[in-house]
Amino acid sequence: MNDQELFWIGEFGDEYAERNNGLELVAAKIDMFNKSLKSAGEINTIIELGANRGLNADALKSLFPNSNYTGVEIGEKAFSLLKKNINVDQCHHRSIHDFTANQQYDLALISGVMIHLNPDALSSVYKLLDTLSQRYVLISEYYNPTPVEVTYRGHQGKLFKRDFAKEFMDQSGRKLIDYGFVYRNDPKYKHDDMTWFLFE
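Trainee: Help me understand the overall build of the protein, please; the structure alone is not making it clear to me.
Mentor: Each helix and strand in the protein was counted, giving 7 helices and 9 strands. Over its C-alpha trace the protein gives a radius of gyration of 15 Å, about what one expects of a compact globule, namely 16 Å for 200 residues. Overall, the C-alpha framework of the protein stretches about 40 × 40 × 35 Å when taken along its three principal axes. Burial statistics for the protein: of 200 residues in total, 50% are counted as buried.

Trainee: Explain helix α3 (residues 23-36) to me, please; I cannot follow it from the model alone.
Mentor: Think of an α-helix as turning once every 3.6 residues; residues three or four places apart then point the same way. Taking 1.5 Å per residue as the helical rise, α3 with its 14 residues ought to reach 20 Å, and the 20 Å between its terminal C-alpha atoms agrees with that figure. Looking only at α3, the buried set comprises L25, V26, A28, D31, M32, F33 and S36. For α3, the secondary structure elements touched by its buried residues are α4 (55-63), β4 (105-111), β5 (133-141), β8 (176-182) and β9 (194-199).

Trainee: So what exactly am I meant to see when it comes to the side chain of N85 here?
Mentor: Turning to its location among the elements, N85 is positioned in the loop between α5 (76-82) and β3 (90-93). Look at N85 and you get buried, because its relative accessible area is 11%. One polar contact links the side chain of N85 to the main-chain amide nitrogen of N87, over a distance of 2.8 Å. When sequence neighbours within four positions are dropped, the list of residues in contact with N85 reads R53, G54 and D58.

Trainee: Even after reading the chapter, I still don't get the side chain of T70, so can you show me in this structure?
Mentor: Position of T70 relative to the elements: it lies in strand β2 (residues 68-73). Among the polar contacts made by the side chain of T70, one reaches the side chain of Q90 at a distance of 3.0 Å.

Trainee: Whenever I open this one, the packing of aromatic side chains confuses me. Can you help?
Mentor: Counted under the stated rule, the structure contains 4 aromatic pairs. Look at F168 and F199: their rings are 4.9 Å apart centre to centre, the planes differ by 65°, and that puts the pair in the edge-to-face class. Residue F168 is found in helix α7 (residues 164-172), and its partner F199 is found in strand β9; the two are separated by 31 residues along the sequence. The same class applies to F168 as to F199, namely buried.

Trainee: For this particular structure, what's the right way to read the pattern of salt bridges?
Mentor: Charged atoms that come close allow side chains of opposite charge to pair. Scanning the model with the defined rule gives 11 salt bridges in all. As a salt-bridge pair, K61 and D89 come within 2.9 Å of each other at their nearest N and O atoms. Residue K61 is located in helix α4, and its partner D89 is located in the loop between α5 and β3; the two are separated by 28 residues in the primary sequence. Across the pair R184 and D193 runs a salt bridge, and its minimum N-O distance is 2.8 Å. The class for R184 is exposed, based on a relative accessible area of 51%.

The rules behind the values
- Here the residue numbering is sequential within each chain, running from 1 through the sequence in written order.
- Selection of residues for local features in this predicted model requires a pLDDT of at least 70, selection of side-chain atom pairs for listing and counting requires 80 or more, and totals for whole chains, interfaces and linings are taken over all residues.
- Values reported for side chains reflect all heavy atoms of the structure, with hydrogen atoms and water molecules removed beforehand.
- Runs of H or I in DSSP of at least four residues are treated as helices and runs of E of at least two as strands, each being numbered from the N terminus.
- The globule rule is 2.2 Å times the number of residues to the power 0.38, and the radius of gyration it is compared with is taken over C-alpha atoms.
- Summary of the burial criterion: residues with accessible area below 20% of their type's maximum are buried, those above 50% are exposed, and those between are partly exposed, where the area comes from a 1.4 Å probe applied to protein chains only.
- Expected helix span is given by 1.5 Å per residue-to-residue step, counting one fewer step than there are residues.
- Every residue pair with non-hydrogen atoms within 4.5 Å of one another is taken to be in contact.
- In protein, a polar contact means a hydrogen-donor-capable atom and an acceptor-capable atom, both N or O and within 3.5 Å, with residues adjacent in sequence counting only if both atoms are side-chain atoms; elsewhere, any N or O pair within 3.5 Å suffices.
- Working definition: rings of Phe, Tyr and Trp (its six-membered ring) pair if their centres are within 6.5 Å, and the pair is stacked with planes under 30 degrees apart, edge-to-face with planes over 60 apart, and tilted otherwise.
- Salt bridges are defined as contacts in which a side-chain nitrogen from Lys or Arg sits within 4 Å of a carboxyl oxygen from Asp or Glu.

No statement about biological role is implied by the geometric values presented.
Here you go:
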């Protein structure tokens, strides 16, 4: 287990799961998914890597009420909340670095997770996303044209920005069909500065 995984299964990860909650956040996520998935066709099965407590599940089930949602989460506290979430159909208490599945999904999603992963492990995560998806992959992360490390709440080696989408596209060969940005100063929704990229 690497330093980043140990960080998220510890006290910091538990505190993150506790503070990131509420209807305002779910509303912002609904807005982002409305924008990022408008070019997508039918979505019946969804898997999210790094699902935390399942706020994205809440948002996605409001848009795709008949879909089947699976979440993968490493943190103990976050997973305990995830498995109680009524919008979660299946969940796995695993690191995404050693997760495997025996099926494919209409949508494989990762959001605000790769920025916290060890950069040396990204290639295997790109491969996992590609393998899990039978149609769409949605990546939503902080963006920078070149790799850069950023101090995260006083911690070093825990947040990295880069062009995740380009790296995924180059490795997987998938087609980029839409992309966009949500803004922290949006007057209506409680967004963070996130770029999103939809691949098919």
